[in-house]
Amino acid sequence: MPSLAGRAELRRYSRHLLIPEVGLAGQEKLAAARVLCVGAGGLGSPVLAYLAAAGVGRIGIVDDDTVDITNLQRQILYGTADVGASKARTAAERLQALNPQIALDPIPVRFDAANARELVRLYDVVVDGTDTFGSRYLVNDACVLEGKPDVYGSIFRFDGQVSVFGAPGGPCYRCLYPEPPPEHLVPSCAEGGVLGVLAGIIGTWQAAEALKLILAIGTSLTGRLLLVDALDARVREVRVARDPHCPLCGDAPSIRDVTEAPTAPPAARRVPSVAAADLDALLAAQPAARLIDVRDPHERILGSVPGAIELPAGELEARMHELDTAGTYVVACRVGAKSRWAAERLRDAGFAKLHHLDGGLLAYAALTASFEMF
Ligand SMILES: [Zn+2]
């Protein structure tokens, strides 16, 4: 049993000790608690900072990513000098400096089906700071199967969501959305953008839920999905009941283990993709080939492609007739999700000589000195 009798501890946590609902007993619960934060990005940064400051005794940080300059607009654990460094390790160093009395486990690996359950099992509460549907289902599934609460958060542009899944009697993420949506229908923050401070609003809310679960105080967000609209400053609440037919937590579950979520359509339906490194060679070998840029006009201020056909994905159906079904096209967008969708629509409409730029124009820009994009 950890002891907080030391003077330094009493001083550090004095503002918690003054709250009757926390007090010395609560602070000792925090010191004995183990929290796993999956993802140390926009949501993970405030979650980790507040959990470390609060004195959560052991914090696991899973993230295989490195710090990128585009992260700094919202991922407040990192500074400019950290660009290129491991997020898990950099976060652990920063948090250890913030609170030397806690234990930190930097886990710089990808959270995947092979390690998800084993990692979740080692902690009491899991905070989902991931940003893809695949990872979100994986966190949810591993938590339900291991009987751990999943403090969920997600952000996009001005809109955020918070809830607690997998708590006893409460619903899970699959009760709300049984299956992941096709990936191309879901723009990511890299593609759609996010207001930086929204990560702080939602992440701190997740931290509060995690602390309440550890302290066993208040009313958790179990069974309630909070919808935060930062643009109009509105918060709505949707009730989510446990679904007895849920494939994961229902009465007759069909999911008994974690799997990697399907992220790509079956091979037969896939438009062949071209790697960013091979794009120049393809265009040189097929001089008649044209690049179709399906990004929205406002995305082009971050880098435009000279000579490309500019055809936003949302106008594809209406303007498809401007293209030649016998022509050779490479469809591209920012990160390669929207373009896959657009390429499939074109193939369905009878276009045969199609390619899809894998990784999008961002990947191409990273390799091409003459083309800059952010
Ligand atoms: Zn469920």
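Rules used throughout
- Residues numbered from 1 in each chain as written.
- Predicted model: local features only at pLDDT ≥ 70, side-chain atom pairs only at ≥ 80, totals over all residues.
- Heavy atoms only, no water.
- Phe/Tyr/Trp six-rings, centres within 6.5 Å; stacked < 30°, edge-to-face > 60°.
- Helix = DSSP H or I, 4+ residues; strand = E, 2+ residues; numbered from the N terminus.
- Buried < 20%, exposed > 50% of the residue type's maximum accessible area, 1.4 Å probe, protein only.
- Lys NZ or Arg CZ within 6 Å of the ring centre and 35° of its normal.
- Core = buried A, V, L, I, M, F, W, Y, C linked by side-chain atoms within 4.5 Å.
- Contact = heavy atoms within 4.5 Å.

**Student:** I tried to follow the packing of aromatic side chains on my own but got confused; where do I start?
**Tutor:** One pair of aromatic rings is described through two measures. These are the centre distance and the angle between the planes. What the rule picks out here adds up to seven aromatic pairs. Each ring, one from Tyr152 and one from Phe165, has its centre 5.2 Å from the other, and the planes form 50°; the classification is tilted. Remark: Phe165 occurs in strand β6 (residues 159-165) and Tyr152 occurs in strand β5 (residues 150-156); sequence separation between them is 13 residues. With respect to burial, Tyr152 and Phe165 carry one shared label: buried. Taken together, a centroid distance of 5.7 Å and an interplanar angle of 35° make the contact between Tyr364 and Phe371 tilted. Grouping residues by exposure puts Tyr364 and Phe371 together as buried. Aromatic rings pair up to connect Tyr137, Tyr152, Phe165, Tyr173 and Tyr177 into one cluster. Directly above the ring of Phe133 sits Arg136, whose terminal nitrogen or CZ lies 5.0 Å from the centroid.

**Student:** Mind showing me how you'd approach the nonpolar core here?
**Tutor:** Grouped burial of nonpolar side chains is what soluble globular proteins tend to show. Formed by 32 residues in total, the largest nonpolar core has its most connected members in Leu48, Leu51, Val56, Ile59 and Ile61. The set of elements that each furnish at least two residues to this core consists of β1 (34-38), α4 (44-54), β2 (58-62), α5 (87-98), β4 (125-128) and α10 (196-215). With six residues, the top contributor of residues to this core is α4. Here Ile61 is in contact with Cys37, Ala40, Leu48, Ala88, Ala91, Ala92, Leu95, Leu104, Asp105, Pro106 and Ile107, once residues within four sequence places are set aside. In terms of nonpolar packing, the next biggest core, distinct from the first, is built from 18 residues, Ala313, Leu316, Trp341 and Ala342 among them.

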